[in-house]
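Reading the structure
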Amino acid sequence: MAIVIIRQDRKIDSWKKALVAKAPDISIYSYLEEHPKEEITLACVWKQPVDILKQYPNLKCIASFGAGVDFIFKDQSIPKHIPITRVVDPVLAGDMSEFVLALILSFLKNLNSYKTDQLKKVWNPREYKRISDITVGIMGMGALGEELAVDLIKNGFKVIGWATSPKEIPESEVYAGDSEKNTFLSRSNILVCLLPLTQQTTGILNSKLFKELPKQSYVINVARGGHLVDEDLLEYINNGHLAGAGLDVFHEEPLPCEHPFWTHPKIQITPHVASVSDIESVIPQLLENYRKLTEGKPLNNTVNREKGY
Ligand code: GLV
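First things first, this report covers the structure right here in the doc. Not measured: the values here are computed from a predicted model.

Secondary structure assignment for the protein chain yields 9 helices and 12 strands. A globule of 309 residues ought to have a C-alpha radius of gyration of about 19 Å, and the protein chain, at 21 Å, matches this closely. Dimensions of the protein chain, computed from C-alpha atoms along their principal axes, come out at roughly 60 × 45 × 35 Å. Looking at the 309 residues of the protein chain, the share that counts as buried comes to 52%. Of the roughly 15500 Å² of accessible surface on the protein chain, a fraction of 53% belongs to carbon and sulfur atoms. Placing the 35 positive and 38 negative side-chain charges of the protein chain at their respective mean positions leaves the two points 3 Å apart.

If you want it as structure tokens, here you go:
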């Protein structure tokens, strides 16, 4: 039994080093080195090359290095019986909530516009908004959405949520399902998307949805680029219905140079950094699941294949 790490970024060596340091008794390989494919029972992956998992005949589990698993489902060749797990981590949730708070405050106080003014040496005081003026609507009330709701409430925000099925979150009203979506949207001055990317949620941030938001609301997407219809967002910002957007995720990453988001004065973009898995805090959960796997025990944080998250 052994672990293979598959990720195509520069972080592969640091993850391997940290995993080996914490579990010297386990055989752990990078997919880039020579390794015995038939020994691999756990594959820890982040945006793995398509079809690579087929090489491991005795694979028993696929673990995402992050909260999202949409990239794993892109590989249609993965046998249905192999469980998939994801990261559920308070550090990841805390980071996300700090990042969204920063974007919200930046919008309320016009910080993005002042940066643009500064580059042009323009002195242009603008009206600002207060926390008490607005309601934040969070789409997706999983581990990340719930933590965000709790933190925003602590900071004095009114918060409402929307989830596919009913949920109880202290001090915030959670709307559920399609029938309550428009009521939720009509109250959201700032809309934060934290949904998992599934067939149902692909393209959910589109003109039909933007139309339901109050005039001059602000859209934050820190989930996946696939949730957003880029042209619809541009249309609704350019026609004055939306005040702007903070986007951390894109259909194609890095965002192509010619994409209009780069230069739009009302769009704040960041390079998929809202919340990045912390090696020290995620490794214990990967290893705990590996040990459970070897002992034949039920795994933590498994993903429901039907739901896609
Ligand atoms: C980041 O995007 C994650 O899925 O953890």
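Taken together, the neighbourhood of the ligand is formed by W46, G66, A67, G68, R224 and H272. Here an oxygen atom of the ligand sits 2.7 Å away from a polar atom, N or O, in the main chain of A67. At a separation of 2.7 Å, an oxygen atom of the ligand approaches a polar side-chain atom of H272. Bound to the protein, the ligand loses 86% of the 190 Å² it would expose on its own. Here the residues of the shell around the ligand are counted per class, giving 2 nonpolar, 3 polar and 1 charged.

We now examine unusual backbone geometry. That bond from E253 to P254 is cis: its omega, -5 degrees, falls within 30 degrees of zero. Take P254: it is sitting in the loop between β11 (242-247) and β12 (267-269). We note that N110 has phi near 60 degrees; this positive angle belongs to a residue other than glycine. Positionally, N110 belongs in the loop between α3 (90-108) and α4 (111-119).

A separate point is the pattern of salt bridges. For the structure on display, the rule yields 11 salt bridges. Note that E280 and K22 form a salt bridge whose closest N and O atoms lie 3.0 Å from each other. You can see E280 sitting in helix α9 (residues 279-295) and its partner K22 sitting in helix α1 (residues 12-22), a full 258 residues away along the chain. With a closest N to O distance of 3.1 Å, E173 and R187 form a salt bridge. Of this pair, E173 sits in strand β8 (residues 173-176) while R187 sits in the loop between α6 (177-186) and β9 (190-193), and the two are 14 residues apart along the sequence. Owing to a relative accessible area of 43%, E173 belongs among the partly exposed residues under this scheme.

Criteria and cut-off values
- Residues numbered from 1 in each chain as written.
- Predicted model: local features only at pLDDT ≥ 70, side-chain atom pairs only at ≥ 80, totals over all residues.
- Heavy atoms only, no water.
- Helix = DSSP H or I, 4+ residues; strand = E, 2+ residues; numbered from the N terminus.
- Rg over C-alpha atoms; globule rule 2.2 N^0.38 Å.
- Buried < 20%, exposed > 50% of the residue type's maximum accessible area, 1.4 Å probe, protein only.
- Areas by Shrake-Rupley, 256 points an atom, 1.4 Å probe, with all protein chains shown as cover.
- Lys, Arg positive; Asp, Glu negative; His and termini not counted.
- Charge placed at Lys NZ, Arg CZ, Asp CG, Glu CD.
- Near = heavy atom within 4 Å.
- Polar contact = N/O pair within 3.5 Å; in protein donor to acceptor, adjacent residues only side chain to side chain.
- Nonpolar A, V, L, I, M, F, W, Y, C, P; charged D, E, K, R; others polar.
- Salt bridge = Lys/Arg side-chain N within 4 Å of Asp/Glu carboxyl O.

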